[in-house]
Amino acid sequence: MDGNRLFDSETGVDFTKKQGGKNAPGKEIWLTVKAHLATILNTADYDRWIDGLRLVAEYNNEMIIAARDPLSFDRVYGAHRHAIQRIWREHDPARRAIKLVCWRTAPAELLEIVDDPWATTEAATDTAPKAEAETSTASTGAPVMSFGTLVTGEANELAVEMAKRIAAGLPVGTLTTLFYGLQGTGKTHILHALKSAAEARDGECNVVYLTAEEFLSSYTDGVKVKDTSALKKRLRAATILMIDDLHRISGKPGTETELFQNIREVTANGGHVVLAGDKAPGDVTGFSPRMISELKGATTVEVGEPDANMRYQIMRDLADHIQSGHPNFVVTDEMIAEFNAGIRGQAREMTGAIWNLYTEAAFGIRTPTLDMVRKIVRRTEGDVRQPSIELVKKATMKVFDVTKTDMESPSKARAVVYPRQIAMYLCREMTGKSFPQIGFSFGKRDHTTILYAHRKVTKALKDNVELKAHIKAVSEAILELQAAGMN
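A few points on the structure. Fair warning: this is a prediction, and the values are worked out from it, not measured in the lab.

Let's shift gears to the overall build of the protein chain. Helix and strand content of the protein chain: 23 helices and eight strands. Burial statistics for the protein chain: of 487 residues in total, 46% are counted as buried. Partitioning the intrachain contacts of the protein chain with sequence separation of at least 6 by distance along the chain shows that 73% fall at a separation of at least 24. For the protein chain, the exposed surface amounts to about 24,100 Å²; the carbon and sulfur share of it is 51%.

Next up, the structure:
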């Protein structure tokens, strides 16, 4: 059967073209919905449960989305169904209903008119040239996770070099490696890049990648039928075994024991085990002394928080990638700077900001604006809290390495006056306090001193590039302190 006919709407919607902007192709909407879901779910949940879904037909006036097996269906139906329905309605002008089905138990009449939606995908994957697979993008429209698309800086360069050495088959000290760091710092990207590089180097290299949740599900399924041999066979045949989000199985003794035994078997056979978690071995909780000892004996590498330059490059690369397919999606450096200053977080938050801008710009049809950017910042971070005068002073002290005594003293030294006037200016701009209130906080100065400083900085800002940079640095320090819970 012609697959395109399956999407001829019985409600009068033609999927082959847009009609006055009211209708849109169902498959195009589904890709957009998945891209939206990728920005609000963590990578493990998206890859495990959402990426495998298929839009198979419009049937009985409903858009049918299929999960491949009962486990996937139960998880998506219970945890993500409402989000899928809500996001579909947001992006579908015709506001068609969504129905989720399990492909294995789908109605016979549906199976008669729709071929297995995974069979075509798998056949295409099997016959696709390797070079093309390496340069393709993920189904979300995002760049594939490779070393080529990974932004590297001081925060992660050691972890990236470690991953490259493992992929190249070079010695790295121990046969177990632990990458740790806060969620959203790019550990999953590093693991996927390692996997791709290792498989490209050696076609016979058997790399097994599982999230801890996938390992838990597979182990639980085996326990239910009293046979975990299939899981053991798969893992123990690995040249490189990778377990992501290790912390998700803490507090589960049976699952931990199974994982521990598989780690030992893989390394005993000369394979390499790569783990990723959110904490260093000394801070891990919920594991047995035996597993903690195993982690402490691993080669441990931290994946740190990206700095401002890395955050900029992460957004710049993604924006350029999207623009390659959507010429109107022009994101200026000013917009990225606005995101960088307004949204606090890791790489995940930065990519989420760009994808939200893509959505706000009608999926790349319109050109983004600063108003769109500011709307996303407000939506992401909430209403901006006004900092206190003391917080502005602390941020200034941090940037210029001066003391509170300096800020409030009568000193006329430029090394003190310059940061003090910047602090006075920002107090007036950001705190909502009056000149007399600010003056009192700076050593009980008269309000005319604050007024003078504000006017002087305001006038100099028009032409003084260094002053602009210093004010930006203090403003970012204020946001960082607020993000840390200070005010």
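Moving on from the model shown.
Turning next to the packing of helix H18 (residues 389–400) against helix H20 (residues 414–430). One way to put it is that H18 packs onto H20 with a least axis distance of 9 Å and a crossing angle of 145°. Helix-helix and strand crossings are classified by hand; for H18 and H20 the assignment is right-handed. Where H18 approaches H20, its residues Ile-389, Val-392, Thr-396 and Phe-400 are matched on the opposing element by Tyr-418, Pro-419, Ile-422, Ala-423, Leu-426 and Cys-427. For the contact of H18 with H20, the class distribution of residues is nine nonpolar, one polar and no charged.

Turning to the sheet that holds strand S4 (residues 176–180), a few remarks are in order. Pairing is parallel in the open sheet, where five strands are placed in the order S5-S6-S7-S4-S8. Looking at the sheet topology across the chains shown, the edges are occupied by strand S5 (207–211) and strand S8 (299–302). Adjacent strand axes in the sheet meet at a mean angle of 15°, parallel and antiparallel pairs treated alike. In terms of strand pairing, S4 meets strand S7 (residues 272–277) through five bridges, oriented parallel.

Here we take up the side chain of Thr-176. Take Thr-176: it is sitting in strand S4. The class for Thr-176 is buried, based on a relative accessible area of 7%.

One open sheet holds the three strands; their spatial order is S1-S2-S3, and the pairing between them is mixed. The sheet terminates laterally at strand S1 (54–59) and strand S3 (97–102), the two strands that pair on one side only. Between one strand and the next, the sheet's axes are offset by a mean angle of 30°, whatever the strand orientation. Helix H3 (residues 70–79) contacts strand S2 (62–67) and S3 of the sheet and is inclined by roughly 145° relative to S3. In the packing of helix H4 (residues 81–91) onto the sheet, the strands contacted are S1, S2 and S3, and the crossing angle to S3 comes to about 145°.

Take the packing of aromatic side chains next. In the structure shown here, the tally under the stated rule is five aromatic pairs. Between Tyr-358 and Phe-363, the ring centres sit 5.9 Å apart and the planes meet at 75°, which makes this aromatic pair edge-to-face. Take Tyr-358: its relative accessible area is 11%, and that puts it in the buried class. Pairwise contacts between aromatic rings join Phe-329, Trp-355, Tyr-358 and Phe-363 into one cluster. When the ring centre of Phe-442 is taken as reference, the NZ or CZ atom of Lys-393 above it lies at 5.1 Å.

The next thing to look at is the environment of Glu-381. As for its placement among the helices and strands, Glu-381 is situated in helix H17 (residues 370–381). Expressed as a C-alpha distance, the spacing of Glu-381 and Gly-342, which sit 39 residues apart in the sequence, is 7.7 Å. Apart from the residues within four sequence positions on either side, Glu-381 is in contact with Gly-342, Ile-343 and Arg-344.

Tallying each qualifying case throughout the model produces 15 salt bridges. The partner of Asp-245 in a salt bridge is Arg-248, with the nearest N and O atoms 3.7 Å apart. Note on Asp-245: relative accessible area 11%, which makes it buried. Taken together, the salt bridges that share partners define one network made up of Glu-390, Lys-393, Lys-404 and Glu-408.

Attention now moves to helix H16 (residues 347–360). Helix length check: H16, at 14 residues, gives a terminal C-alpha distance of 20 Å against a target of 20 Å (1.5 Å per residue), a fit within 8%. For H16, the full list of buried residues reads Ala-347, Met-350, Gly-352, Ala-353, Ile-354, Trp-355, Leu-357, Tyr-358 and Glu-360. Buried residues along H16 sit against helix H1 (26–40), helix H14 (308–325), helix H15 (333–342) and H17. Note on H16: the residue one or two positions beyond its end, Ala-362, has a positive phi of about 55°.

Within the secondary structure, Asp-244 is located in strand S6 (residues 240–244). A distance of 2.6 Å separates a polar atom in the side chain of Asp-244 from a polar atom in the side chain of Thr-188. Polar contacts involving the side chain of Asp-244 include one to the side chain of Tyr-209, which spans 2.8 Å. Sequence-distant contacts of Asp-244, that is, excluding residues within four places in its chain, are made with Thr-188, Leu-191, Tyr-209, Leu-210, Thr-211, Ala-212 and Ala-276.

Turning our eyes to something else, we now look at the pairing of S4. The buried count for S4 comes to five of five residues, which makes it a mostly enclosed element. Side chains of S4 alternate between two faces, with Thr-176, Leu-178 and Tyr-180 and Thr-177 and Phe-179 buried alike. The pairing of S4 with S8 spans four bridges and is parallel. Bridge pairing in S8 places Thr-177 opposite Thr-299.

In this section: H1. Counted at 1.5 Å a residue, the expected span for H1 with its 15 residues is 21 Å, and the 21 Å between its end C-alpha atoms agrees. Considered for burial, the residues of H1 that qualify are Gly-26, Ile-29, Trp-30, Thr-32, Val-33, Lys-34, Ala-35, His-36 and Leu-37.

Once that is clear, we can look at the pairing of S2. Within S2, five of the six residues are buried, leaving the element largely enclosed by the surrounding structure. Both S1 and S2 contribute to a ladder of five bridges, which runs antiparallel. In the sheet register, Leu-55 faces S2, and the bridge partner there is Ile-65. Bridge analysis of S2 against S3 gives six bridges, and the strand direction is parallel. Bridging from a neighbouring strand, Ile-65 pairs with Leu-100 of S3.

About the criteria used
- Residues numbered from 1 in each chain as written.
- Predicted model: local features only at pLDDT ≥ 70, side-chain atom pairs only at ≥ 80, totals over all residues.
- Heavy atoms only, no water.
- Helix = DSSP H or I, 4+ residues; strand = E, 2+ residues; numbered from the N terminus.
- Buried < 20%, exposed > 50% of the residue type's maximum accessible area, 1.4 Å probe, protein only.
- Contact = heavy atoms within 4.5 Å.
- Areas by Shrake-Rupley, 256 points an atom, 1.4 Å probe, with all protein chains shown as cover.
- Axes fitted to C-alpha atoms, helices over the stretch in contact; angles between N-to-C directions.
- Left-handed = near helix turned anticlockwise from the far one by under 90°.
- Nonpolar A, V, L, I, M, F, W, Y, C, P; charged D, E, K, R; others polar.
- Pairing = 2+ DSSP bridges.
- Phe/Tyr/Trp six-rings, centres within 6.5 Å; stacked < 30°, edge-to-face > 60°.
- Lys NZ or Arg CZ within 6 Å of the ring centre and 35° of its normal.
- Salt bridge = Lys/Arg side-chain N within 4 Å of Asp/Glu carboxyl O.
- Expected span 1.5 Å × (residues − 1).
- Polar contact = N/O pair within 3.5 Å; in protein donor to acceptor, adjacent residues only side chain to side chain.

What is shown is where atoms sit, not what they do.
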